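# Observations on the three-dimensional arrangement
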Amino acid sequence: MSVYGFGQMIEKLKASPKTIVLTEGSDPRILEAASRLLASNFLKPILLGNPEEIAKASEKAGFNIHGAQIIDPENYEDFDEMVAQFVELRKNKGMTPEKARGILKSANYFGTMLVKMGKADCLLGGATYSTADTVRPALQIIKTKPGSSIVSSCFILVRPAVSGGNEVIAMSDCAINIDPSEDDLVEICGQTIECAKVFGIDPKVAFLSYSTKGSGKGDSVTKMQNATKKAKEKYPNEQIDGELQFDAAVAPRVAKQKAPGSDVAGNANTFIFPDINAGNIGYKIAQRLGNFEAYGPILLGLNAPINDLSRGCNALEVYSMAIITAALA
Ligand SMILES: CC(C)(COP(=O)(O)OP(=O)(O)OC[C@H]1O[C@@H](n2cnc3c(N)ncnc32)[C@H](O)[C@@H]1OP(=O)(O)O)[C@@H](O)C(=O)NCCC(=O)NCCS
Ligand SMILES: CC(=O)OP(=O)(O)O
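Residues numbered from 1 in each chain as written. Chains lettered and ligands numbered in written order. Predicted model: local features only at pLDDT ≥ 70, side-chain atom pairs only at ≥ 80, totals over all residues. Heavy atoms only, no water.

Looking at an unreviewed UniProt entry, one finds the protein chain named Phosphate acetyltransferase, with Grylomicrobium aquisgranensis as its source organism. Listed in UniProt under the heading Pathway (unreviewed entry), the comment for the protein chain reads: "Metabolic intermediate biosynthesis; acetyl-CoA biosynthesis; acetyl-CoA from acetate: step 2/2." (UniProt positions renumbered as here; feature names shortened; annotations may be inferred.)

## Brief notes about the UniProt feature "domain: Phosphate acetyl/butaryl transferase" (unreviewed entry) in the protein chain
The positions UniProt marks with the feature "domain: Phosphate acetyl/butaryl transferase" (unreviewed entry) are residues 8-326. Structurally, residues 8-326 comprises 45% helix and 18% strand, and the distance from its first C-alpha atom to its last is 12 Å. (Helix = DSSP H or I, 4+ residues; strand = E, 2+ residues; numbered from the N terminus.)

## Here's the deal with the packing of aromatic side chains
Enumeration over the complete set of coordinates arrives at four aromatic pairs. Seen from their ring centres, F155 and Y283 are 3.7 Å apart, and the 15° between their planes marks the pair as stacked. Taken together, the residues F155 in strand β5 (residues 152-160) and Y283 in helix α12 (residues 276-289) connect sequence positions 128 residues apart. Neither residue differs from the other here; F155 and Y283 are each classed as buried. Directly above the aromatic system of Y319 lies the positively charged group of R36, at a separation of 3.9 Å from the ring centroid. (Phe/Tyr/Trp six-rings, centres within 6.5 Å; stacked < 30°, edge-to-face > 60°. Buried < 20%, exposed > 50% of the residue type's maximum accessible area, 1.4 Å probe, protein only. Lys NZ or Arg CZ within 6 Å of the ring centre and 35° of its normal.)

## Describing the pattern of salt bridges
For side chains of opposite charge, pairing can occur when their charged atoms come near one another. One pass over the structure, following the stated rule, counts 17 salt bridges. A salt bridge links E167 to R159, with the shortest nitrogen-to-oxygen separation between them at 2.8 Å. When its relative accessible area of 27% is taken as the criterion, R159 is described as partly exposed. With its nearest N and O atoms 2.8 Å apart, the salt bridge here joins E238 to K197. Residue E238 is found in the loop between α9 (219-234) and β8 (239-244), and its partner K197 is found in helix α8 (residues 182-198); the two are separated by 41 residues along the sequence. Judged by relative accessible area, which is 41%, K197 ranks as partly exposed. (Salt bridge = Lys/Arg side-chain N within 4 Å of Asp/Glu carboxyl O.)

As structure tokens, then:
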């Protein structure tokens, strides 16, 4: 990944190295990323899983993970302490030591508790686990950070620009909130603006719809119209517009026709989708047909640096997401 901000992230980690839990310790993409991280010296991977299986998998895949810390949830010296802390955190949800011992054998819960207990700085998972299984422990254990009422997510998409350099855009929420309310969308907008700026995007935010400026009618259009209005009121210094179809958002000629006078239409680079269907399908079209590299979902509003991957990720995306996760700590 070579976008604005990524070099600074690496410099930040060199000044203050971190540890990252990788929950799927024997996956070949994780092993390749881990071997690269080990060679870099600024981010130390902690691989979860059975040490023999991990050793076999790394030998088979041909990646050197010498020096990586491996922790087996089935055989962890501080497991009793972890169980006690988890029971305390979830006691209002009927958690018992017996139930906790079973749940904490799962790498996602175990790894999230390592972060919660301060035994690791951050966590990345989701190369084989679904997003729901990866993020649920974080939502339950880590919770939202002060000032956020929801966790959402953003994809940063990067491809070479025709004019040289990179084209970098942000898309949200493609992974967490299934049917966000108007107010959720406003919060997703604020969280996404903050994330986009980290990657050097000067956000021009489009609230997307199948309708542009009232060309369509219905609840889903009204939702995006109201969310746009509220977002403009909440973030008066940001460039935000909606509701816009995708062509009106990015194509200047179409914008002139469908949304004349908009300061965003035609030039949008930060996209807020009406729901997860549109968002998840949209980012994957950009990635698979639009030649964009996709980094995310980067979780926003969570009280610790924990991130998810797509199961379709490659080793370079794992490596880059590990750095992004640790640098945002
Ligand atoms: C994120 C998701 C897993 C949460 O669903 P869930 O586990 O059924 O959620 P629940 O309603 O049982 O909530 C579990 C906990 O998470 C919290 N939570 C759920 N959604 C949240 C959100 N968006 N922000 C913050 N907390 C949230 C709940 O408050 C609850 O906390 P509690 O147990 O301490 O009370 C669910 O919304 C989901 O499946 N999203 C889509 C994931 C996906 O498939 N993405 C596509 C591929 S990337
Ligand atoms: C983000 C995402 O779509 O994840 P997955 O491909 O694993 O479902």
